[in-house]
Structures are given as structure tokens and as C-alpha cells.
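# Structure at a glance
Read off the chains here:
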Amino acid sequence: MQMQTITLRAGPSAHRLAPPPASASSSNLSAGRCFLLRPPHSRCRRPRSIRASASLEQEVKERADSPSPSGTSSQATRRDVRNIAIVAHVDHGKTTLVDSMLRQSKVFRDNQVVQERIMDSNDLERERGITILSKNTSITYKGTKINIIDTPGHSDFGGEVERVLNMVEGILLVVDSVEGPMPQTRFVLKKALEFGHAVVVVVNKVDRPIARPEFVVNSTFELFIELNATDEQCDFQTVYAIGLKGKAGISADNLADDLGPLFEAILRCIPEPRIEKDGALQMLVTSTEYDEHKGRIAIGRLHAGELKRGMEVKVCTPDDACRIGKIGELFVYENFGRVPVESVSAGDICAVCGINDIMIGETIADKVSGTALPTIKIEEPTVRMSFSINTSPFVGKEGKFVTSRNLRDRLYRELERNLAMKVEDGETADTFLVSGRGTLHLTILIENMRREGYEFMIGPPKVINKTVNGKLLEPYEIAAIEVPEEYMGSVVELLGKRRGQMLDMEASGPEGTSLLKYKVPTRGLIGLRNAILTASRGRAILNTIFDSYGPWAGDISSRDQGSLVAFEGGSTTSYACVNAQERGILFVKPGQDIYKGQIVGIHQRPGDLALNVCKKKAATNVRSNKETTVVLDEPLSYSLDDCIEYIQEDELVEVTPESIRMSKNPKISKKKNN
């Protein structure tokens, strides 16, 4: 069936030439054509005919060079620029690949000390090993400037990917040589195909002992078919690479000593920017940054006209609300930094200073005849959490910003840069509802705020439901779990309890490992990661991506155990902790200050248990009772993400710059008592 599907889609161009041999050098390829170079044993479709490609390019060139019917502007291409975004699933090596591209382009001095993952400049990105924010850089290869945008790989930051796709004409889709296409690979590829972008597939990490590049290429091709890609998009160029070593080639068995084949593929397969050569100025703002000296910096691609330093412009929105602004400073991206320039031509990516109230999605246009470009559309958030001021007895001891006004200003300031997030006022003046694409999307915001000195409390994550035609719908996600076969039964049982529906099960790359694909309600995924790690002894890998809204799945029990709650404040003692650890697993250790209502551990049975972990041993008959040796278990250390997954409806997480605590919500406790 697969071969029939491929043959049917290949129908319009059935008379095709055989691909060149796998050992062909990239230098022998025609500079203006993009055709496939695949090993002869590959079962993927053959490339378009070279003659057909050449005639198509000639037709496109004639159309581009011909004047428009109105005579006011003409379409043209900039052959000296390429704009690309590098997209991939998390941990597939795109940021490491960018490192090698920068090094081989002589961006750095020979004696310059350069750290790993150069583009991950944020502290949180380095600590977690993930990309959170999109970043711009550029290199020059054979006289052509290649603007590169490094994008996040985690599904919760998909809004960053959706924004930057407005600035590019093509993408490098990086796929791991063992794992193949994963949930986030599907998401970013779907968005790129909707924009009509050209795709170059980079099979990375081909030096892994269990690499299976042929399987990965075929799986990627099948993904193109599933996403209804056009014939031209399905004829993608494949490049095999070892990003860490800076090697690439058109065959997995014959890699060059550098990334030359990858650079050649970019020049050959990524289209030149199409611009309005004499059109009115238009630039869509797709990202913003803030500098203490320059103020707000707007980043985007110039679609038409020419932008000059010091010129007056019109800032427009699609609803025709326009205002006048002035360009203070103008920058382009060269190598690893911003370089000031006097003017920027259409087709290039630039950064603009001087308009301090500009927002993402607005258009910088010609002062007289400029019009707005279509604004950026982002998928709706699926998870909501409540943020409120800290009401614990320890309030103000560690944080600088503790008032509701501080909290409100910081949350609404986040909306200026983070389009995928929403903030609403809560039931009370000191409560705010923050919506995002997932729990990780929100925990990154929380972590950034606590490092900035904010102190606040957050409630448990809740999914955002919809009502359509009187029916309640909830968000569903696709979960991909790699798990050793010996633990597969426990993982399947966990997913079944959380209303998961199995879509597929297949053997994965490593021996004895299976890949399970489930469709699970987003509610069922909250707290699932820790449960799966416990069930698999830490050997399972869980990846998720939003799928769609579906019918309400029913009640889901996410936690079987209750909490151990302190009914008295003070300093914890070894004597009390020894007795308390018989009731469950503790979060606290002796000598730690706690308050009444704080969650100090996990109860071994359902339901909460109030106990005293500050109780001191009575000092009676001291001489006759020798002090015995106390043996305490190591307390359980929960991170911010773990705490958010753990808490339930009547519990809160207290976040301060130095501590993360959990407590019972006093407002809900009062309602229950009444």
C-alpha cells in the first residue's frame, strides 16, 4: 500500500531520470537546481527530471523579472541572501549543528574560546539543555549571506517556531538518525508546509552505533505524504551529518570533512527571497528584544522597499490603527552579532530601534502609502494556571517584588514578547489567570520570575475546555513513549488509567525498546512524566505534542496518595521526622523552618494526614536514657516542575527566589470546613 501511495503521488512526473550516484561530490552539482541525491537502494520516490526543473526555474525567473500589471512595483529575487530556520524535535542536535556552521564560517577567531551550544545564551537554556527562545545569526558562504534562525525543539514553545516561519523561505529539518521523526518534528514540518516553504532534511548523528539512516529517510518521506505535501515538497534534498564533528555528505557512508555539502544544499534548494523591488516599505515585526540603552528592539524581515536609519515610518496593524514613528538605529545580523548599518534592502532580516511601543505582529510601513501585512496567527493555549500574591507566613523574607501590582506588571509585560501566552484577571484583585501551550511553557515563565526576585503562589494546572454545539470538548495530545519491553506493561497500565488510546506500537532503535504512540487527554498528561519514570526505573522517554480538541473523556484520577501536612509551625526535629517517615516520604529534613499548612511529605495512603514534624523529645530522666542513634531517610527533593505536577485542586506552590514550597490552599480549606 505504501508503494502504491508513493506511485500515485509521483504520477505527474513519472518520467524521471535516475539519481546521481551516492558518491557524487557536492561541487559537481548544478548551482541553480535542487534534485535528490539518494542511495540507489532507497525506496523513496525518485527526483524530478532535471529538464523539468530547469524549465520551471526559467518560468519562475521570467515571471519574477517581468513588471507587475499595475506598473507600480516589480517582483524580483535577491540572489545574495538565503533565509532559513533550523527546526527539529528536542535533543536532535540542531543547536550543536549551528555551532559547527558558525565555526566553519570563520565567525570566531582561531584563538577564541567558544563554549558549547553558543546560541543557547539564556541561563535556563544552558541548565535544562533545551532551546527556549528563537535566535538570529548569519554566515557568509561563497558570497551569499545565509540568515539562520535557531528555534526551540520542545512542543510547549511552538509559538516561537510559528512566528519565525514568517521570516524565511525554507527550513532545515534536523532528524535524529535513530529516533527518526518525533511528535515535534511533525508539528514544525506541518507549519512549514502550510507556509509553502522548501525543506532540506538533515539526518543528524549518523555516527551513532545503532544509526538507521535509511529507515529515518523513509519515515520522514511518509510523514511528508501524511501531511499532504506537494510533489515539489516531497522531492526534498537529504543531507547526512554529524553536527558535533562538523561533517556532512549526501551519503551516510561518505561524509565530507566539513559541512560543505550542507551549505551547497542550502544555496541550491532554498529559494531566494522574493521582494517588491520598487514597492512601498513593509516589514512585519516577528520578535522583540529589550536593551537597557537602546530600549525595545523590533526584529523582522523586510518584505518590500528600503529601510533607512533616521527615516520616519508608519506603524500599522491589520485593523488600520496607524501611528507615526522614527527609526533610531538599524542593525543587520552578521556572523554572531548585530552590526549597525545605514540602510537595509528588501529580503534581509534586520533589527530596528527607536519605536518603543512597537509590538509583535505590527507592520513598519511607508509613511505615505504603507499598508499593514497580515498579522501573525498563533494556536490557542491549552493549559491555565492561577498566579496570586504570596500569603504564607514567610512572605517577604526572600523576594523583592511581593505586591499584586508588581505581579500584574510583570505578567502583562511578558505578553509583549510571548504571543502564545494569555493573561486574564482572576476572581480577586490579587489573582491572575495565565494560559500557555503546556506546563513547561508556564514553568519557564515562573522560573524566570523567581530569578528576577518575584515572590508569589501558583495553583495547579488546568486544561482549557471548549463548548461546541452544546458538547464539552477538551484538548488531546499525541504521546510518544520509548520504553524497554520489560516495563511496557506498567506504562500501558498507567496510560490506560488516564484515558489514553493506543495508536501504534513498534520496535524502536535500541534492542528491546518499543515506541508506543497514544492519544491522551491533556488532563491525563499532568503528572504522568514522574509516574512513567517511576514505573520504568527512569528508563522511559516521554514526548508529547498537541493534537486536537475531542469529546470529554470522563473523570481521571491523577494521584492515588495524599499529602502529609504540618499542623504546627517551627523548626523540624530529628525526633519528629523519624516518627513521620513511617507515614510516608518526607520533603523536609531536620532543622528546616516550616509553617502551619505546609506540605511536608507524601502520605503512603489516600487522603491527607496532619502531623507535627517540629515535636521535640521530652528531656525527662536524661541520665538513665542514653541518646539513641537516629537513622533518617534521605528527603525527597522536588523541582518546580515536579511540584506543579504533584499539587491538586486544594494545594498551592509557593515560589520565592530561594525556595519552592507546597502548602494547602487556606481559602479552599475554609470552604470545606464551612
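Residues numbered from 1 in each chain as written. Predicted model: local features only at pLDDT ≥ 70, side-chain atom pairs only at ≥ 80, totals over all residues. Heavy atoms only, no water.

Looking at an unreviewed UniProt entry, one finds the chain named Tr-type G domain-containing protein and attributed to Triticum urartu.

Strand order across the open sheet formed by four strands is β32-β34-β30-β35, with mixed pairing between neighbours. Whereas interior strands pair on both sides, the edge strands pair on one side only; in this sheet they are β32 (584-586) and β35 (609-611). Looking at each pair of strands side by side, their axes are set apart by 30° on average, direction ignored. Across three bridges, the pairing between β32 and strand β34 (residues 599-603) is antiparallel. Pairing of L586 across the sheet is with G601, part of β34. (Pairing = 2+ DSSP bridges. Helix = DSSP H or I, 4+ residues; strand = E, 2+ residues; numbered from the N terminus. Axes fitted to C-alpha atoms, helices over the stretch in contact; angles between N-to-C directions.)

Let us look at the pairing of strand β20 (residues 383-389). Two faces, one strand: in a regular strand the side chains alternate between the faces of the sheet. In this structure, β20 lies alongside strand β24 (residues 462-463), joined through two bridges in antiparallel fashion. Residue pairing for β24: R384 is matched across the bridge by K462. With six bridges connecting them, β20 and strand β22 (residues 431-436) associate as antiparallel partners. Considered in β22, the bridge of M385 is made with V434. Relative to strand β23 (residues 456-458), β20 runs antiparallel, the two sharing three bridges. By the bridge assignment for β23, F387 is matched with I458.

The description of an aromatic ring pair rests on the distance of the ring centres and on the angle between the ring planes. For the structure on display, the rule yields 10 aromatic pairs. With a centroid separation of 5.5 Å and 15° between ring planes, the pair formed by F387 and F456 is classed as stacked. With F387 in strand β20 and F456 in strand β23, the pair connects residues that are 69 residues apart, well separated along the chain. F387 sits in the buried class, given a relative accessible area of 0%. Feature note: the residues F221, F224 and F236 constitute an aromatic cluster, connected by ring pairs. Over the ring of Y476 we find K519; its NZ or CZ atom is 5.5 Å from the centre of that ring. Across from the ring centre of W552, 3.8 Å away, lies the NZ or CZ of R523, which sits over that ring. (Phe/Tyr/Trp six-rings, centres within 6.5 Å; stacked < 30°, edge-to-face > 60°. Buried < 20%, exposed > 50% of the residue type's maximum accessible area, 1.4 Å probe, protein only. Lys NZ or Arg CZ within 6 Å of the ring centre and 35° of its normal.)

Using the criterion set out here, one finds zero disulfides in the structure. In this structure C577 is not part of a disulfide, and its nearest cysteine sulfur, from C614, lies 8.2 Å away. (Disulfide = S-S within 2.5 Å.)

On to the side chain of N406. Looking at the secondary structure, you find N406 in helix α10 (residues 404-414). Aside from chain neighbours lying at most four places away, what touches N406 is F401 and Y454. (Contact = heavy atoms within 4.5 Å.)

Our focus in this paragraph is helix α7 (residues 213-226). Residues spaced three or four apart along an α-helix face the same direction, because each turn holds 3.6 residues. For α7, spanning 14 residues, the distance from its first C-alpha to its last is 20 Å, which sits close to the expected 20 Å at 1.5 Å a residue. For α7, the buried fraction is high: 10 of the 14 residues fall into the buried class. Residues P213, V216, V217, N218, S219, T220, F221, L223, F224 and I225 constitute the buried set of α7. Trailing α7 by a residue or two, N228 shows a phi angle of about 60°, which is positive. (Expected span 1.5 Å × (residues − 1).)

For K142, which is not glycine, the phi dihedral falls at a positive 55°. The residue K142 is located in the loop between β3 (135-141) and β4 (144-150) in this model. We note that K205 has phi near 60°; this positive angle belongs to a residue other than glycine. Its place among the elements puts K205 in the loop between β6 (198-204) and α7.

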